[in-house]
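Tertiary structure, described
The chain contents come next:
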Amino acid sequence: MARASLKPVTGTTITNSNATAGAQGAAAGVVETELYAADKKIYPRAVTGWFAAWRWTLVWATQVVFFGTPWLVWNDRQAVLFDIVHRKFYIFGLVFWPQDIIYLAVLLIAAALSLFLFTAVAGRLWCGYACPQTVYTEIFMWIERVIEGDRARRMKLDQGGWSAHKLGQKSLKHGVWIAVAFWTGFTFVGYVTPIRELWGEVISLSTGPWETFWMLFYGFATYGNAGWMREQVCIYMCPYARFQSAMLDRDSMIITYDRERGEPRGSRPRGSDSRARGLGDCVDCNICVQVCPTGIDIREGLQYQCIGCAACVDGCDQVMDRMGYPRGLIRYSTQHAMEAKLDFRGMIARAFRPRVLLYAAILGTIIVAAGIGLWTRVPLKVDVIRDRAAIAREVEGGKIENVYRLQIMNAAETARVFEIGVEGLPTLHVAGEARAVVEPASSRMVPVRVRVEPAAAQAGTHRIEFTVRAVDAGDVVVREKSVFIVR
Amino acid sequence: MSIFTSSFWDVYIAVISLVSIIACGIFLKVQSVRRSTETDTSGHTWDGDLTEYNNPLPRWWAWLFYLTIAFALLYLVLYPGLGSYRGTLGWTQLAQLDEENRAADARFGPIYEKFAAQDATALAKSPEAMAIGQRLFLNHCAQCHASDAGGSRGFPSLADRDWLWGGSPEAIKTTITDGRTGVMPQLGAPNLTDDIWLHGGTQDAIIETITKGRASLMPAHKDLLSPAKIHLLTSYVYSLSQGGAPPGR
C-alpha cells in the first residue's frame with residue numbers, strides 16, 4: 001500500500017506516549033494508539049546574538065507603544081481612546097465614528113497584505129519578532145530565567161521534589177507573571193475606558209463589572225498564553241501557522257540548515273580536521289534544539305512548528321565561532337538558493353518576483369488611497385431622513401412643504417454652527433431657522449422644513465440636494481441627496 | 001393541532017438534545033484511541049491509500065471538548081432548553097426585559113423626575129429639557145404630527161397658535177394623557193373663519209367634510225408613556241406654539 005503523507009516531509013514525530021502500551025498490544029498484531037498525548041514541557045535555552053537583539057528591540061518597541069499610548073494626552077483628553085459606550089474612537093487629532101468603519105476595513109486589509117508581503121519575502125517575520133504571543137512569551141521567559149535560572153537549572157528544579165526553595169521560586173515567578181499580566185489587562189482596558197480614571201478605580205477597588213471582567217480576562221489570557229501555553233498556541237491554535245504553505249514559496253526566506261555543509265554531523269575535538277574524519281561542519285551539539293521555543297530540530301528541514309525566530313541561527317553561529325568555522329550553517333535562506341547554490345545577491349534578486357511586486361503594489365496603493373482619504377476627510381456627516389407620514393403639505397400662500405430630519409454629526413472637537421441649504425428646484429428654500437448648533441464630537445437631529453412655490457414644480461418626485469456647511473469653515477461641507485414630493 | 005395538547009414534541013426535543021450531547025461524549029472517547037496494526041499512523045484512510053501520520057494533539061485539547069459537553073448539560077439544567085422544562089434559574093425573556101426596563105428607569109428616572117417637579121411653562125425655557133423633549137417628540141409624536149410638529153392632512157399642526165382643544169399646558173397634557181376624539185358633526189368643532197383646515201380647505205374637501213363627516217382620533221398615551229415623560233412632552237409642545245422654532249436650534 002503506497003502511503004502518501006499529509007505531514008511535512010521531514011517533520012518530527014512527537015514521541016508517542018503510548019509506545020509501551022503499543023508494544024504490549026503488538027502480540028495480537030493490533031496496536032492501540034492515543035490520538036491525544038500529554039504535552040511535553042519545553043525548556044528553551046537562553047540565546048544571545050544578532051537576531052535575539054532584534055527580537056528584544058521589537059519587544060521594547062511594541063511594548064513601549066502598547067503600555068505608553070493610553071497615557072498620552074491630546075486636546076485635554078486621552079490621545080488614543082476607543083470609547084465604545086459613546087461609539088467614538090479618538091486617535092490623536094482624529095475622531096472616528098462607526099460610519100468610518102471603512103478605515104478599519106482598510107487598516108485590516110493593509111495588515112493582511114503586509115503579512116502576505118513579509119511572509120513571501122522573509123517567512124514568518126511576524127511570528128518570530130512581533131506577534132504578541134512571541135513578545136509576551138519572550139518577556140515571561142526572561143522573568144522565568146531571572147528567577148529560576150537557565151534551561152538546565154529549570155529542568156533540575158522541575159524534576160526535584162517540593163522544597164521551601166522551590167516553592168519560593170515558583171511563587172515568586174508566578175507572582176511576577178501575574179503582576180505583568182494584570183498590568184497588561186489594565187492597559188488593554190485603558191484603551192476603551194479613560195486609563196487615568198480606571199487607575200483611580202483600580203486603586204479604590206471600584207471598577208465596573210465589565211472593566212473588571214475584561215481586565216481579568218485579558219490578564220488571564222496573557223498569563224495563560226505566555227506562561228503556560230506558549231508554543232502550543234502557535235502549533236495547535238494559531239490559524240496563521242496552518243496556512244503558511246500557501247504563503248511561502250521556494251524563494252521565500254526561511255530558517256534553513258545547510259545540510260550539505262553540515263552532514264555527516266558528529267562531535268570532534270576542537271581544532272581537528274573534520275574533513276579528514278569525514279565529518280561535515282555540524283558538531284551535533286544540539287544547541288539549535290535546546291534554544292528552540294517550539295522544541296523542534298531545524299536540521300530536519302522546514303516544519304510548520306517553526307515560527308522563524310532565528311534563535312537557532314544565533315545559537316549555531318556562536319558554536320561555529322568557537323569552532324573557528326564560518327557562520328551560517330543555520331541561516332536565513334530560501335529553498336531555491338539551497339538547491340541551486342545561489343549566492344546572497346542571487347537570492348535577494350529573486351525576492352523581486354511577480355508575487356512580491358504585486359503584493360507591494362496593492363499594499364502601496366491601499367496605503368496611499370487611505371492616506372488621501374484621511375487627509376481629505378471632512379469632520380462632518382449628514383444623514384437625511386424624509387418624514388414618511390406627511391408626504392407633502394400645503395402651507396400659507398399655497399406653498400408646498402416637505403419635512404426632513406437631518407442627522408448632523410459634528411466630528412470636530414469644537415462646537416460648530418452649521419448652515420443648512422437646499423437646491424434642486426426654483427424657489428426651493430429652507431423655511432424658518434436654517435442654522436443648527438452641534439456640540440463638539442456629537443450629533444443631533446434637526447427637523448427641517450423645505451418649501452417651494454406651487455408654480456415652480458409639477459406633481460411628482462423631484463431630486464434635491466441638501467448642503468450643510470460649517471459657518472466658521474467653508475471647506476467643512478457635506479452634500480446629501482434626497483427627494484422632494486409635490487402632489 | 002396536537003402541538004398544543006400533547007407533550008410529545010417537548011419530549012422529542014429533550015430526548016434528541018440529550019442523546020446528541022451524550023453521543024458526542026461517547027464518540028469523543030471512542031475516537032481518542034485507534035486500534036490498528038500500524039503504530040505510527042492515525043488509522044484514517046482516504047481515497048484507498050492515503051493515510052496520515054499520528055501527531056497527537058495535546059490532551060487539554062480533548063478536555064476542551066469534554067468541557068463543552070459539561071457546559072451544555074449545566075446549561076440545560078439552569079436554563080430552559082429541554083422541551084417545556086423551565087430550568088432551575090427560572091429565566092425568561094420577559095423577565096429579562098422587565099429587569100432591563102427597571103434598570104433603565106432607575107438610571108433615567110431621576111432626570112425625568114427633576115423635570116416633572118418643574119412647571120411646564122418654566123420647563124419650556126430650559127434648553128436641556130427641550131432637547132430631551134424633542135427626542136421624545138421625534139420618537140412618539142412625529143409619525144403623525146411630522147418632525148417639525150407641522151402636522152399633515154388629518155393631523156393638526158402643533159407648531160401654530162391655533163388649538164382645537166386648548167393650548168394651555170393643562171389642556172395639552174390632558175390631550176396627550178387621555179387622547180381626544182373629534183367627530184363632525186358633534187365633537188370638537190373648529191373655527192371655520194380662519195385659513196387653517198385640518199381636512200383640507202379646498203372646495204372639494206369642504207364638500208366632502210360636510211357630506212360624509214369626519215372622525216379624528218388622538219390616542220391616549222397614559223399607558224404608553226410615564227407621567228414624567230408626558231409632562232416633558234407637554235412642555236415641549238407648548239414651547240412650539242410660543243416661540244415658533246424649537247429652542248436650541
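Up top is the structure these notes are about.
Values in this document were obtained by computation on a predicted structure and should not be read as measured data. (Residues numbered from 1 in each chain as written. Chains lettered and ligands numbered in written order. Predicted model: local features only at pLDDT ≥ 70, side-chain atom pairs only at ≥ 80, totals over all residues. Heavy atoms only, no water.)

**Here's the deal with the packing of helix 2 (residues 50-68) of chain A against helix 15 (residues 311-323) of chain A**
Residue and element names in this part refer to chain A. The interhelical angle for the contact between helix 2 and helix 15, taken along N-to-C directions, is 145°, at an axis separation of 7 Å. On the side of helix 2, the interface is formed by Trp50, Phe51, Ala52 and Arg55, while helix 15 contributes Ala311, Val313 and Asp314. Class assignment of the residues belonging to the contact of helix 2 with helix 15 gives a composition of 5 nonpolar, no polar and 2 charged. (Axes fitted to C-alpha atoms, helices over the stretch in contact; angles between N-to-C directions. Helix = DSSP H or I, 4+ residues; strand = E, 2+ residues; numbered from the N terminus. Contact = heavy atoms within 4.5 Å. Nonpolar A, V, L, I, M, F, W, Y, C, P; charged D, E, K, R; others polar.)

**Concerning the interface of chain A and chain B**
By convention, interface size is frequently given as the accessible area that disappears when the constituent parts associate. Listed by partner, the interface residues are 42 residues for chain A and 45 residues for chain B. Across the chain A to chain B interface the summed buried area is about 4300 Å²; carbon plus sulfur atoms make up 54%. Summed over the shared surface of chain A and chain B, the result is 2 salt bridges. Here Arg393 of chain A and Asp148 of chain B are joined by a salt bridge, their closest N and O atoms 2.5 Å apart. (Buried area = accessible area lost by both parts, 1.4 Å probe. Salt bridge = Lys/Arg side-chain N within 4 Å of Asp/Glu carboxyl O.)

**Remarks on the nonpolar core**
Residues and elements named next belong to chain A. Among the nonpolar cores identified, the biggest contains 37 residues, and Ile255, Ile298, Ala310, Cys312, Ile330 and Tyr332 are the most heavily contacted of them. Going through the elements one at a time, helix 2, helix 4 (125-130), strand 8 (254-257), helix 14 (287-290), helix 15 and strand 9 (330-333) are the ones with two or more residues in this core. Examining the composition of this core, we find that 7 residues originate from one element, helix 15, more than from any other. If sequence neighbours within four positions are ignored, Ile255 has contacts with Ile298, Cys306, Gly308, Ala310, Cys312, Val313, Ile330, Arg331 and Tyr332. The next biggest cluster of nonpolar side chains, apart from the first, holds 30 residues, and it includes Ile408, Val446, Val452 and Val476. (Core = buried A, V, L, I, M, F, W, Y, C linked by side-chain atoms within 4.5 Å. Buried < 20%, exposed > 50% of the residue type's maximum accessible area, 1.4 Å probe, protein only.)

**Re the state of the cysteines**
A full pass over the atoms with the stated rule returns 0 disulfides over all chains. Here Cys238 of chain A stays free of any disulfide, with the sulfur of Cys127 of chain A as its closest cysteine sulfur at 6.1 Å. Looking at Cys238 of chain A, the relative accessible area reads 25%, which means it is partly exposed. Free cysteine Cys141 of chain B: the closest other cysteine sulfur is in Cys144 of chain B, separated by 9.0 Å. (Disulfide = S-S within 2.5 Å.)

**With respect to the sheet that holds strand 18 (residues 477-486) of chain A**
All names here are of chain A. Read from one edge of the open sheet, 4 strands run 15-13-17-18, paired in antiparallel fashion. The open sheet terminates on both sides in strands that have one partner only, identified here as strand 15 (435-438) and strand 18. Recorded for the sheet is a direction-independent mean angle of 30° between the axes of neighbouring strands. As judged from the 10 bridges shared by strand 17 (residues 460-470) and strand 18, these two strands associate in the antiparallel manner. Across the sheet, residue Glu465 finds its bridge partner in strand 18, namely Lys481. (Pairing = 2+ DSSP bridges.)

**Comments concerning the packing of aromatic side chains**
Residue and element names in this part refer to chain A. Within this structure, the stated rule accounts for 30 aromatic pairs over all chains. Here the aromatic rings of Phe66 and Tyr191 are separated by 5.8 Å at their centres, their planes lie at 25°, and the arrangement is stacked. Highlighted residues: Phe66 in helix 2 and Tyr191 in the loop between helix 7 (164-189) and helix 8 (195-203), separated in sequence by 125 residues. Assigned by exposure class, Phe66 and Tyr191 land together as buried. Consider the rings of Tyr404 and Phe466, whose centres lie 5.0 Å apart with planes at 70°: the pair is edge-to-face. Taken together, the residues Tyr404 in strand 12 (residues 400-410) and Phe466 in strand 17 connect sequence positions 62 residues apart. Its relative accessible area of 0% is what places Tyr404 among the buried residues. (Phe/Tyr/Trp six-rings, centres within 6.5 Å; stacked < 30°, edge-to-face > 60°.)

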